[in-house]
Amino acid sequence: MMRKATLWVAAYAVAAFLDLALTYHMLTIPGFYEINPHTRIFLSSPLLLAVKEAAGMAALALLVIMMRVAFRAYGCEEVAEKVWLVALSAALIRWMTVAHNLLLLLTGWESPLTLIFSSSRI
């Protein structure tokens, strides 16, 4: 169902906005810094970061559409109707970063999500 896919791409977009808003807010607080090296590169240029995020959302939407078309072309209707799960997965991952930032901001507790980038700390 494309409605479900649209819903989850929109949920991804909302989570991306909240993640970036929380990140920029937390960077104004002494002691906080961005641990993700892939995001850290773009923080000095909000416009470039917005373009990167918009491209990611567009790529997610295009991926879901193309997967659905491809599965239908091969006669896999049941699978074609489940491609919204790809968008759901991406949205859930992005919402985990929002939850992590909120936990860190409100309680100071580092979630296990930080372990992903612990080897890249300088």
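Our structure is the block above this text.
Bear in mind that the values here come from a model prediction, so they are computed numbers and not experimental data. (Residues numbered from 1 in each chain as written. Predicted model: local features only at pLDDT ≥ 70, side-chain atom pairs only at ≥ 80, totals over all residues. Heavy atoms only, no water.)

**Student:** So what's going on with helix H3 (residues 46-73)? Which residues, and what values?
**Tutor:** With 28 residues, H3 extends 40 Å from end C-alpha to end C-alpha; this agrees with the ideal 40 Å at 1.5 Å per step. Among the residues of H3, those classed as buried are Leu49, Glu53, Leu60, Val64 and Arg68. Directly beyond the C-terminal end of H3, a positive phi value near 80° is found at Gly75. (Helix = DSSP H or I, 4+ residues; strand = E, 2+ residues; numbered from the N terminus. Expected span 1.5 Å × (residues − 1). Buried < 20%, exposed > 50% of the residue type's maximum accessible area, 1.4 Å probe, protein only.)

**Student:** Got a sec to walk through a nonpolar patch on the surface? Specific residues and values, please.
**Tutor:** On the surface, a cluster of nonpolar side chains totalling about 370 Å² of accessible area is made up of Val14, Phe17, Leu18 and Trp95. Broken down by element, the nonpolar patch gets its largest block of residues, three residues, from helix H1 (residues 2-27). Tracing the sequence through the fold places Val14 in helix H1. Owing to a relative accessible area of 43%, Val14 belongs among the partly exposed residues under this scheme. (Patch = residues over 30% accessible without salt bridge, like charges linked within 9 Å, V, L, I, M, F, W, Y side chains within 5 Å. Areas by Shrake-Rupley, 256 points an atom, 1.4 Å probe, with all protein chains shown as cover. Salt bridge = Lys/Arg side-chain N within 4 Å of Asp/Glu carboxyl O.)

**Student:** How would you summarise the side chain of Arg68 if you had to cite specific residues and measurements?
**Tutor:** Its location among the elements puts Arg68 in helix H3. Not counting residues within four places of it along the chain, the set of residues in contact with Arg68 comprises Met2, Ala80, Glu81 and Val83. (Contact = heavy atoms within 4.5 Å.)

**Student:** Help me get a handle on the environment of Phe17, residues and values and all.
**Tutor:** When you line up the elements, Phe17 lands in helix H1. Remark: the alpha-carbon pair of Phe17 and Pro30, spanning 13 residues in sequence, is separated by 22 Å.

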